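Examining the three-dimensional arrangement
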Amino acid sequence: MKLLRIFAMGVLLSISVSALAEFKTIVRANEVTLSELQLPASVNGITTFTACWSCSEKRVNVSAATRYRLNDEFVSLQEFRSALAIVTDRQNKIAIVMHHLDTDLVTQISIRL
């Protein structure tokens, strides 16, 4: 009887572990220094960034739905570009680039200045 209980618990544990393995990453958050980030020229343009020191440069499309967050406030691309243009210490300022993997679009770029 005790052996049957142990076996049943083992089966239940193996089922729950396999369920955990089914998660899929949909959006990847990339921490990028401003020196490694090139903002798009237009709302339907391309942003370029390097996600890590050993990674190759990524070119990812943005759309009109892409959001730009500056100091916890959403702003237009033009306002975002203007604010980042005056930053002098670009090596030590980190932006978060949210890359939606299924659509291959940047959904949001955030920074705190």
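Residues numbered from 1 in each chain as written. Predicted model: local features only at pLDDT ≥ 70, side-chain atom pairs only at ≥ 80, totals over all residues. Heavy atoms only, no water.

1. Concerning the overall build of the chain
Per the secondary structure count, the chain includes 2 helices and 7 strands. When the elements of the chain are put in sequence order from the N terminus, they spell out α-β-β-β-β-β-α-β-β. The proportion of buried residues among the 113 residues of the chain is 29%. (Helix = DSSP H or I, 4+ residues; strand = E, 2+ residues; numbered from the N terminus. Buried < 20%, exposed > 50% of the residue type's maximum accessible area, 1.4 Å probe, protein only.)

2. Digging into the side chain of Q108
Relative to the elements of secondary structure, Q108 occurs in strand β7 (residues 105-111). Separated by 2.7 Å, the side chains of Q108 and S110 make a polar contact. Every residue in contact with Q108, bar those within four places of it in the chain, is listed here: T66, R67, R69, F74, I96, V97 and M98. (Polar contact = N/O pair within 3.5 Å; in protein donor to acceptor, adjacent residues only side chain to side chain. Contact = heavy atoms within 4.5 Å.)

3. Considering the environment of T25
For T25, the location among the structural elements is in the loop between α1 (2-20) and β1 (27-33). Judged by its relative accessible area of 46%, T25 is partly exposed. Spatially, the C-alpha atom of T25 lies 9.2 Å from that of D102, the residues being 77 residues apart in sequence.

4. Digging into the nonpolar core
Of all hydrophobic cores here, the largest spans 20 residues; its most connected members are L37, F80 and I109. Those elements that provide at least two residues to this core are β4 (58-70), α2 (77-85), β6 (94-100) and β7. Those residues within four positions of L37 in sequence are excluded, and the remaining contacts are V32, T47, T48, F49, A95, V97 and I109. (Core = buried A, V, L, I, M, F, W, Y, C linked by side-chain atoms within 4.5 Å.)

5. Observations regarding the pattern of salt bridges
According to the stated counting rule, one finds 2 salt bridges in the structure shown. Note that R69 is salt-bridged to D72, the shortest N-O span being 3.3 Å. Between R112 and D72 there is a salt bridge, with the nearest N and O atoms lying 2.4 Å from each other. Residue R112 is located in the segment after β7, and its partner D72 is located in the loop between β4 and β5 (73-75); the two are separated by 40 residues in the primary sequence. When sorted by exposure, R112 lands in the same class as D72, which is exposed. Ionic contacts of the salt-bridge type, sharing partners, join the residues R69, D72 and R112 into one network. (Salt bridge = Lys/Arg side-chain N within 4 Å of Asp/Glu carboxyl O.)

Remember, this is a structural readout, not a statement about activity or role.
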